[in-house]
Structure formats: structure tokens, C-alpha cells
Amino acid sequence: MTVAREQALRAVKSVSRTVGRLTAGSRMVPGFLIVGAQRCGTTSLFKTLSQHPGVLPPAYHKGVHYFDMDYHRGMNWYLGHFPTTAKAEAVKAQIGVRGITGESSPYYMFHPLAGQRIAKDLPSVKLLVLLRDPVERAYSAHSHELARGYETESDFERALALEEQRTAGERERMIRSAAYASEHLQHNAYLARGRYIEQLERLEALVGRERMHVIDSDDFFADPRPSFDAVCDFLGLPRWADIAFGKHNSRSRSPMSAELRARLEDHFAPYDERLAAWWGRVPSWRR
């Protein structure tokens, strides 16, 4: 994309947000949020859901990042990203159910304040969570952050060794000051983000288990139809046949050493055991 085109797109987005903020009262309130986990297929699920005629996505962004990065902008700013209620009613006339909207911001599940903000501001929203092998997730996240410039260590093992030092006290600083944003917690918490059960239990305490739907990413990509139908059921949408499934936002990388993989699998083993008990099923990477 050229610089001129990027500038033009930013200008259009700015105007759209301004108009949206001024018309917040006529905007749809999100019915679902894809809250994580990062590098677990959230983009693919959002693009798949957006094909359903009952889903009206936000303008320009799959992820608005309001509850983590832009909460200070206020609820009218947030609602300004979403379609009007008139469009939701038009969907009902076409397929028999009112249209829903939502977004995908995979930092929400890990962010120390996002969950309580969601619980307060969207008391009936449904949360979608995708999980994959936490070892693969961590390796993928490192490649992703390295490519984006948020990681300076090209060696994955060295980046893992630095995680504790980089993130020490960052969660507590964010809780003490809502204005504080931790780059290391957001971009370099490779192991902590894969301890899924800690994040799921925290969300459950805030919103209740019945408003959470967890998807095994490997199962979704291996055989997407059953997983997608279950998501439709959870969201109250009719199952829809005309859906094209695909994998988006993936990155290639060299194989991980067997020794490092074994060490990381041992690290995650107790967390995966707790996850299986909470979830009521053994995750695909432990079968």
C-alpha cells in the first residue's frame, strides 16, 4: 500500500469514527467479542463469521481494541465503529433473526483490565476464545512480533529467557494506572499468554461460564464445519451452508528444536491439565 493510500484510508477512518460517535445512539451494541488467544486463529474465525449474513462487522477494523488500548475514548467512540440498528433489522427481514455485530481483539483475554471493563459495559456480550498448542502459539508469536518490530531478539530461546525480566511488575503497574500501557506485556509475554487456564478462570469470574465459548483451533482448521456450526448455535445464528473456510495471518518459520519443545511442553503440562478439567475435554495438543 502506498503512503498516499494509507493517508487517505486514515482520513476516511477518522471521518467515519467522528460520524459514528455522533450517531452512537443508533448504533448496534456488540453481541460477541473474539477475545483471544493471540496467534490462535482469531483472524480466520472473524473472517469466517463475517461471511454469515447475520453478522455485521465493524467498519475498517476486525479489532477495535477499545477495552485494552482505547478505553479512555469512551463508549460513544466505541459504538461509532459498528453498524446501525436499522441494518440489524434489515437482516432480520432477510433471514429471520436480527443481525449481530462484534469484533476480534485478541489482547482482551490477557489484558489485566479488559475483562472487568467488558463485564461492566457489555453485560450480555458473548465471548469467543480460540486455543492452540501453547508451545506453537509462543513460537508463532515470537515470529509475529519479530516481523512487526516489537521483538529485538531473533533467537526464540533468548526471548523466552528475557520474558520474566521484561514483564516483571507490568501487570501490577497497569492495574494501578489505567493510562499505563506495557509494551512488553502485550508483545513479549510468550509463556504467560499460553497459560490459558489462568485467563479463562479470570474471565469466568467476571462474566460467567455460560457466556464463554472455547474453540480448539487445531480442530477448527482440521474440520471447520462442526466448530463453526457450534459457534453459530452459541451466538443464536442459523447454521449457514455458504461459508468458505480458510487460514489467515499465518507466518512460516523454521522448526523448533526437539529439546526446547520438550522443555516447553513440560512447562505447560500442569496448566493444560487444569485447562482440560475446566473445559471438560482434552485439548488437541495433549491427545
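- Going by the annotation in an unreviewed UniProt entry, the name recorded for the protein is Sulfotransferase, with Micromonospora chalcea given as the source organism.

## Describing the nonpolar core
Alright, step 1. Judged by nonpolar contacts, the single largest core of 50 residues is most densely connected at L33, Y78, L128, L131 and L200.
Alright, step 2. For Y78, the residues in contact, after removing those within four places along its chain, are P30, L33, V64, Y66, F67, E103, Y108 and L122.
Alright, step 3. Y139, A141, L191 and M256 belong to the second largest nonpolar core, which has 13 residues in total.

## So, the packing of helix 10 (residues 196-207) against helix 13 (residues 258-279)
Alright, step 1. Helix 13 packs onto helix 10 with a crossing angle of 40° between their chain directions and a minimal axis gap of 8 Å. With respect to helix 13, the element helix 10 is oriented oblique. Seen from helix 10, the contacting residues are Y196, I197, E198, L200, E201 and E204; seen from helix 13, they are Y271, R274, L275 and W278.
Alright, step 2. Here the residues of the contact of helix 10 with helix 13 are counted per class, giving six nonpolar, no polar and four charged.

## A few points about helix 12 (residues 224-235)
Note: α-helices contain 3.6 residues per turn, so residues at a spacing of three or four share the same orientation.
Alright, step 1. The end-to-end C-alpha distance of helix 12, which contains twelve residues, comes to 17 Å, matching closely the 16 Å that a straight helix rising 1.5 Å per residue would cover.
Alright, step 2. Along helix 12, the positions that sit buried rather than exposed are P224, S227, F228, D229, V231, C232, F234 and L235.
Alright, step 3. Of the surrounding secondary structure, the elements contacted by the buried residues of helix 12 are strand 1 (32-36), helix 2 (42-49), strand 3 (126-131), strand 4 (212-216) and helix 11 (217-222).
Alright, step 4. Two residues or fewer past helix 12, G236 is found with a positive phi of approximately 75°.

## Topic: the side chain of S217
Alright, step 1. Inspection of the secondary structure puts S217 in helix 11.
Alright, step 2. By relative accessible area, which is 2% here, S217 ends up buried.
Alright, step 3. In contact with S217, not counting residues within four places along its chain, are C40, L130, L131 and R132.

## As for the packing of aromatic side chains
Alright, step 1. The final tally for this structure, using the stated rule, is 13 aromatic pairs.
Alright, step 2. Ring geometry for F220 and F221: centres 5.3 Å apart, planes at 55°, overall tilted.
Alright, step 3. With a relative accessible area of 2%, F220 lands in the buried category.
Alright, step 4. Between the aromatic rings of F228 and F245, the centroid separation amounts to 5.7 Å while the plane-to-plane angle is 75°, which identifies the pairing as edge-to-face. Of this pair, F228 sits in helix 12 while F245 sits in the loop between helix 12 and helix 13; the two residues are 17 residues apart in sequence, bridging distant segments of the chain.
Alright, step 5. By relative accessible area, which is 31% here, F245 ends up partly exposed.
Alright, step 6. Aromatic rings pair up to connect Y66, F67, Y71, W77, Y78, F82 and Y108 into one cluster.
Alright, step 7. Above the face of the W278 ring, R209 is positioned so that its terminal group lies 4.0 Å from the ring centre.
Alright, step 8. Lying over the aromatic face of W279, R281 brings its terminal NZ or CZ to 4.7 Å of the ring centre.

## Quick look at the layout of surface pockets
Alright, step 1. Considered as a void within the structure, the second largest pocket measures approximately 350 Å³ in volume.
Alright, step 2. What lines the second largest pocket is a set of 19 residues, among which E163, E164, T167, A192 and R195 lie closest to the centre.
Alright, step 3. Those elements that provide at least two residues to the lining of the second largest pocket are helix 7 (156-167), helix 8 (170-176) and helix 10.
Alright, step 4. The element best represented in the lining of the second largest pocket is helix 7, accounting for five residues.
Alright, step 5. Residue composition of the lining of the second largest pocket, grouped by class: eight nonpolar, three polar and eight charged.

## Observations concerning the UniProt feature "domain: Sulfotransferase" (unreviewed entry) in the protein
Alright, step 1. Under the present numbering, the feature "domain: Sulfotransferase" (unreviewed entry) in UniProt falls on residues 32-238.
Alright, step 2. Helix makes up 49% of residues 32-238 and strand 9%. Its end C-alpha atoms lie 15 Å apart.

## Remarks on the packing of helix 7 against helix 13
Packed helix pairs are characterised by how far apart their axes lie and by the angle those axes make with each other.
Alright, step 1. Interhelical geometry of helix 7 versus helix 13 gives an angle of 30° and a closest axis separation of 12 Å. Classified by the angle their axes make, helix 7 and helix 13 are roughly parallel. As helix 7 runs across helix 13, the sense of the crossing is left-handed. Contacts between helix 7 and helix 13 involve F156, E157 and L160 from the former and E259, L260, R263 and L264 from the latter.
Alright, step 2. The class makeup of the residues in the contact of helix 7 with helix 13 is four nonpolar, no polar and three charged.

Scoring rules and cut-offs
- Residues numbered from 1 in each chain as written.
- Predicted model: local features only at pLDDT ≥ 70, side-chain atom pairs only at ≥ 80, totals over all residues.
- Heavy atoms only, no water.
- Core = buried A, V, L, I, M, F, W, Y, C linked by side-chain atoms within 4.5 Å.
- Buried < 20%, exposed > 50% of the residue type's maximum accessible area, 1.4 Å probe, protein only.
- Contact = heavy atoms within 4.5 Å.
- Axes fitted to C-alpha atoms, helices over the stretch in contact; angles between N-to-C directions.
- Helix = DSSP H or I, 4+ residues; strand = E, 2+ residues; numbered from the N terminus.
- Parallel < 35°, antiparallel > 145°, perpendicular 65-115°, else oblique.
- Nonpolar A, V, L, I, M, F, W, Y, C, P; charged D, E, K, R; others polar.
- Expected span 1.5 Å × (residues − 1).
- Phe/Tyr/Trp six-rings, centres within 6.5 Å; stacked < 30°, edge-to-face > 60°.
- Lys NZ or Arg CZ within 6 Å of the ring centre and 35° of its normal.
- 1 Å grid on protein atoms, 1.4 Å probe; cavity = no way out; pocket = protein on both sides within 12 Å on 5 of 7 lines; lining within 4 Å.
- Points joined across faces, edges and corners; volume = space filled by probe spheres on them.
- UniProt positions renumbered as here; feature names shortened; annotations may be inferred.
- Left-handed = near helix turned anticlockwise from the far one by under 90°.

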